[in-house]
Amino acid sequence: MAGTDISGTGRTAPGELPTLAGLLAGHRPRTAQEAADLARIAPLAAAADPYDRGRPLHVTASALIVHPARREVLLRWHERQQDWLQVGGHGDPGEEFPGAVALREAEEETGLADLAFWPSAELLHVVVLPVPASDREPAHEHADLRFVLATGTPGAARPERPGARVRWLPLAEAAGAARGEALRESLARLGTLLEDGSPAAPAN
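Here is a short report on the structure shown in this document. (Residues numbered from 1 in each chain as written. Predicted model: local features only at pLDDT ≥ 70, side-chain atom pairs only at ≥ 80, totals over all residues. Heavy atoms only, no water.)

1. Some remarks on the overall build of the protein
Scanning the protein from terminus to terminus reveals 5 helices and 8 strands. Mapped from its N terminus to its C terminus, the protein presents α and β elements in the order α-α-β-β-β-β-α-β-β-β-β-α-α. Here the protein holds 204 residues, and 49% of them are scored as buried. Taking the intrachain contacts of the protein between residues at least 6 apart in sequence as the baseline, contacts between residues at least 24 apart amount to 72%. Here the protein displays about 9,600 Å² of accessible surface, and carbon together with sulfur accounts for 53% of that area. (Helix = DSSP H or I, 4+ residues; strand = E, 2+ residues; numbered from the N terminus. Buried < 20%, exposed > 50% of the residue type's maximum accessible area, 1.4 Å probe, protein only. Contact = heavy atoms within 4.5 Å. Areas by Shrake-Rupley, 256 points an atom, 1.4 Å probe, with all protein chains shown as cover.)

2. Brief notes about the layout of surface pockets
As a volume, the largest pocket reaches approximately 1,000 Å³. Lining the largest pocket we find 35 residues, and of these His78, Gln81, Leu85, Gly88 and His142 sit closest to its centre. Of all elements in the fold, only β1 (57-67), β2 (72-78), β3 (83-85), β4 (87-90), α3 (98-110), β6 (125-131), β7 (140-150) and α5 (181-195) reach the threshold of two or more residues within the lining of the largest pocket. Of all the elements, β4 adds the most residues to the lining of the largest pocket, at 4 residues. Looking at the lining of the largest pocket, its residues break down into 9 nonpolar, 10 polar and 16 charged. (1 Å grid on protein atoms, 1.4 Å probe; cavity = no way out; pocket = protein on both sides within 12 Å on 5 of 7 lines; lining within 4 Å. Points joined across faces, edges and corners; volume = space filled by probe spheres on them. Nonpolar A, V, L, I, M, F, W, Y, C, P; charged D, E, K, R; others polar.)

3. Some points on the side chain of Ser120
Locating Ser120 in the fold gives a position in the loop between β5 (116-117) and β6. A polar contact of 3.3 Å, which involves the side chain of Ser120, links it to the backbone nitrogen of Glu122. (Polar contact = N/O pair within 3.5 Å; in protein donor to acceptor, adjacent residues only side chain to side chain.)

4. Topic: the nonpolar core
Core analysis: the biggest nonpolar cluster contains 33 residues, and Ile65, Leu145, Phe147 and Leu149 have the highest contact counts within it. At the level of elements, α1 (20-26), α2 (32-41), β1, α3, β6, β7 and β8 (166-170) are the ones that each hand at least two residues to this core. Examining the composition of this core, we find that 5 residues originate from one element, β1, more than from any other. Setting aside its immediate chain neighbours within four residues, Leu149 contacts Ala63, Leu64, Ile65, Val66, Ala102, Leu103, Ala106, Leu115, Ala116, Phe117 and Trp118. Trp77, Trp118, Leu171 and Leu193 belong to the second-largest nonpolar core, a separate cluster that totals 20 residues. (Core = buried A, V, L, I, M, F, W, Y, C linked by side-chain atoms within 4.5 Å.)

5. Regarding the packing of aromatic side chains
When we look at a pair of aromatic rings, we describe it by the centre distance and by the angle of the planes. Within this structure, the stated rule accounts for 4 aromatic pairs. An angle of 55° between the planes, with centres 6.1 Å apart, marks the rings of Phe117 and Phe147 as tilted. Pair noted here: Phe117 is in strand β5 and Phe147 is in strand β7, with a separation of 30 residues, a long-range link. Taking relative accessible area as the criterion, Phe147 reaches 0% and is therefore assigned buried. Every member of this aromatic cluster is reached through a ring pair, and the members are Phe97, Phe117 and Phe147. Looking at Arg167, its charged tip hangs above the ring of Trp84, at a distance of 5.5 Å from the centre. (Phe/Tyr/Trp six-rings, centres within 6.5 Å; stacked < 30°, edge-to-face > 60°. Lys NZ or Arg CZ within 6 Å of the ring centre and 35° of its normal.)

6. Section: the pairing of β2
Counting buried residues along β2, 7 of its 7 residues qualify, which places the element largely inside the surrounding structure. In β2, alternate side chains face the same way, and those of Glu72, Leu74, Arg76 and His78 on one face and Val73, Leu75 and Trp77 on the other are all buried. Looking at chain direction, β1 and β2 are connected through 3 bridges and run antiparallel. Within β2, the residue paired with Val66 across the bridge is Val73. Between β1 and β2, which follow one another and run antiparallel, lie 4 residues, and Arg71 among them has a positive phi close to 55°. Sheet analysis places β2 next to β8, joined by 5 bridges and oriented antiparallel. Considered in β8, the bridge of Leu75 is made with Arg167. Both β2 and β3 contribute to a ladder of 3 bridges, which runs antiparallel. (Pairing = 2+ DSSP bridges.)

The values are spatial; any link to function lies outside them.
Okay, structure coming up:
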């Protein structure tokens, strides 16, 4: 994962951020399933609002937050799904770079103010996930685009509200806690990045 100039901070100027189309075009799937998911997601780049929750398949963005020195990842407890998952959520109209969505959601859900793309702002993983129907919306699918964010202040992580617990876990324990195959695959890719000797977390 090399490419986007993060100027030592993990944050690019708005004009340097890739569009959704550019981000998807530059991503190389690593499995047959990811290739199939990417083929379904790619047409959304031409949509007026790919984040529109009225679409049966719409774009979401999420992030695995890592503290590289400790080789730990931060997971959040999702009450509705009763599972430990990565942070993330839906985009707003007018947002073009999904990484900015992931970064905004991560800051809101963890309280971490120093989050930065790590080791770059490229995609880690592309996944289509089914979402069951609820009282508020019918069954649909998320075209989830996953990034990696790093923090240098792991002790500052705080849940955004009671019940939305956050928890630092070593990678192996996180993989054991994750029930979903897609998250386990994302964690395996994160492990590869750590083994490759990628740069340390940003300093305060």
